[in-house]
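Okay, here's what each chain looks like letter by letter:
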Amino acid sequence: LRLGPLELAWVLGGTGAFGGRVLLAFGSIPAGLALLVVGWPVCWVVARGMHGLHRRWFVLVPAGVVLHDHAALTESIMAPRRTVARLGPAPADRATEAVDLTMGAAGLVLELILAEPTPVSRRPARRPGTGAVAEAEQTGAVLFVPTRPGALLSVADERRLPVG
């Protein structure tokens, strides 16, 4: 998303939200109305997509860590400090044993290894008529892709979490 589509989405959203009003203010009534009619729905779709990206967090709290990913999980994963065995880059051979929450994101994949199995409820695919239901599965490791993995690992190390 950083190499083009994100910037394009910002331009389309901004143009849709404000371009029609600017054209109307300068007296271009037909073009302004056309841009308003087309631009506001585009702006709504872009804003909704951006908001969805903002609802994916990995939070370091005094009691441990919280992984909140509205797109991949039905419930946040809350791991107390005592249950965090390791937080660090994921080895390539470990991907099959851990619950993958990366959703195809590019970047450094981090792995949160837990000392005891924790329930994880992945969000089922949104296909009408399939009857997909979210079921909790027990796991000892979770894969995710943060935006700034180096900064996350640095702060986690400062907070004395097992990083490596």
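Residues numbered from 1 in each chain as written. Predicted model: local features only at pLDDT ≥ 70, side-chain atom pairs only at ≥ 80, totals over all residues. Heavy atoms only, no water.

The next subject is the overall build of the protein chain. Helix and strand content of the protein chain: 3 helices and 7 strands. Overall, the protein chain shows an N-to-C arrangement of helices and strands of α-α-β-β-β-β-β-β-β-α. Computed over its C-alpha atoms, the radius of gyration of the protein chain comes to 21 Å, more than 25% above the 15 Å expected for a compact globule of 164 residues. Projected onto its principal axes, the C-alpha positions of the protein chain cover 65 × 45 × 30 Å. Every one of the 164 residues in the protein chain was classed for burial, and the buried ones make up 32%. If you take every contact in the protein chain between residues at least 6 apart in sequence, the share linking residues at least 24 apart comes to 58%. Total accessible area on the protein chain stands at roughly 10,300 Å², and carbon and sulfur atoms take up 64% of it. In the protein chain, which carries 16 positive and 12 negative side-chain charges, the distance between the mean positions of the two groups comes to 9 Å. (Helix = DSSP H or I, 4+ residues; strand = E, 2+ residues; numbered from the N terminus. Rg over C-alpha atoms; globule rule 2.2 N^0.38 Å. Buried < 20%, exposed > 50% of the residue type's maximum accessible area, 1.4 Å probe, protein only. Contact = heavy atoms within 4.5 Å. Areas by Shrake-Rupley, 256 points an atom, 1.4 Å probe, with all protein chains shown as cover. Lys, Arg positive; Asp, Glu negative; His and termini not counted. Charge placed at Lys NZ, Arg CZ, Asp CG, Glu CD.)

This paragraph deals with the sheet that holds strand 2 (residues 64–69). If you walk across this open sheet you meet the 3 strands as 1-2-3, and the pairing is antiparallel. Here the strands that pair on one side only, and so sit at the sheet edges, are strand 1 (56–61) and strand 3 (77–80). Direction aside, the axes of adjacent strands within the sheet are offset by 10 degrees on average. Relative to strand 3, strand 2 runs antiparallel, the two being bridged by 4 bridges. Along strand 3, the bridge assignment pairs Gly64 with Pro80. (Pairing = 2+ DSSP bridges. Axes fitted to C-alpha atoms, helices over the stretch in contact; angles between N-to-C directions.)

Taken as a whole and assessed by the stated rule, the structure comprises 1 aromatic pair. Summarising the aromatic geometry, the rings of Phe58 and Phe144 are spaced 4.6 Å apart at their centres and angled 10 degrees between planes, so their arrangement reads as stacked. With Phe58 in strand 1 and Phe144 in strand 7 (residues 136–144), the pair connects residues that are 86 residues apart, well separated along the chain. Comparing Phe58 with Phe144 shows no difference in burial state: the two are buried. (Phe/Tyr/Trp six-rings, centres within 6.5 Å; stacked < 30°, edge-to-face > 60°.)

Another aspect to go through is helix 3 (residues 149–158). Along helix 3, the residues classified as buried are Pro149, Leu152, Leu153 and Ala156. Within helix 3, the buried residues cover an arc of 95 degrees as seen down the axis, which keeps them to one side. In this structure, the buried residues of helix 3 make contact with strand 1, strand 4 (84–89), strand 6 (110–121) and strand 7. Of the residues flanking the end of helix 3, it is Arg160, one or two places downstream, whose phi is positive at about 60 degrees. (Arc of directions from axis to C-beta.)

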